[in-house]
Amino acid sequence: MSTDSEKKSRKVRGVYEPLNEEIEFKTSWGNHEFTDEECKKLLKGRSVTFLATSNTGMSYIATGKLEYQSYKGKNFWGFKRNLETEENDRTRDRELSLDSKLFQKKEKITGVYTPTNEIVQFNRKWAGHLFGDDECRQLLNGLSVTFTAFSRNGQQFTVTGSLQQQKYKGKNYWGFARDVDAIPNEWQGHRFTKQEMEELRNGDVIYIPDAVSARSKRPLRCTLCYTQVDGKKKLVPVRV
């Protein structure tokens, strides 16, 4: 594959493998400049996916491949965006979220939120925890993540949650939020067994003999239930 020497044409010449035919096509589409790797994929007859920007400045996802086209009576080879289908969207966006770059600005991450096929931005840090790249990709794929965080008074706790669209002071935003019915894996040093998790989820009260107070660091024996407090489900201890 050899690049055309004329910059103005921005074209590349190579063998289109499906037809074993030498062709020439533009190395750009819209405001996107194809990388060498993308050009190689296109010449192999494969699709490429990338983030593009419309004339109005809106970001969107484009997937397509090389096709022989016609415009104003002139035939040419060039990139053509695929007709979108629900199944294509899911496959394409999952691959993009897993394989694409994570665009970071300060403490915020920008990427494709797979379930709704839109580009979102969210804070990379939550309650003292900095989400790793793998966690960011899981969140963008609509999956839940579990990690250890710290409350305002320094108390350590385990939390499970996902990326959700939220509202604060009338303004919509995307950010991490606890899953509504998520029960942490541990509490005050006690790690729940599967049976205990099931009992808590069913509204039963369980006995915790080996908890440790986060403030006094003393052993704490109590019963524990998972119940609604101020509209949210929480673990509520009762001393014994």
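Residues numbered from 1 in each chain as written. Predicted model: local features only at pLDDT ≥ 70, side-chain atom pairs only at ≥ 80, totals over all residues. Heavy atoms only, no water.

Visitor: Any chance you could explain the overall build of the protein here in plain terms?
Guide: The number of helices and strands found in the protein is 4 helices and 21 strands. Classification of the 240 residues of the protein by burial places 35% in the buried group. Across the protein, the fraction of contacts at a sequence separation of at least 24, relative to all contacts at a separation of at least 6, is 29%. Approximately 15,900 Å² of the protein is accessible, and the part contributed by carbon and sulfur atoms is 47%. (Helix = DSSP H or I, 4+ residues; strand = E, 2+ residues; numbered from the N terminus. Buried < 20%, exposed > 50% of the residue type's maximum accessible area, 1.4 Å probe, protein only. Contact = heavy atoms within 4.5 Å. Areas by Shrake-Rupley, 256 points an atom, 1.4 Å probe, with all protein chains shown as cover.)

Visitor: I tried to follow the sheet that holds strand β14 (residues 145-150) on my own but got confused; where do I start?
Guide: Backbone-to-backbone hydrogen bonds join strands into a sheet, with any given pair of strands oriented parallel or antiparallel. The strand order across the open sheet formed by 3 strands is β14-β15-β16, and the pairing between neighbours is antiparallel. Two strands in the sheet have a free side with no partner beyond their single neighbour: β14 and β16 (171-178). Averaged over all pairs of adjacent strands, the angle between strand axes in this sheet comes to 45 degrees, irrespective of strand direction. (Pairing = 2+ DSSP bridges. Axes fitted to C-alpha atoms, helices over the stretch in contact; angles between N-to-C directions.)

Visitor: Would you explain the environment of E199 in this entry?
Guide: Along the chain, the position of E199 falls in helix α4 (residues 194-201). The exposure class of E199 is partly exposed, given its relative accessible area of 25%. Measuring from C-alpha to C-alpha, the distance between E199 and C225 comes to 8.8 Å, with 26 residues separating the pair along the chain. Residues in contact with E199, not counting those within four places in the same chain, are D204 and I206.

It is worth stressing that arrangement in space is one thing and function is another; only the former is reported here.
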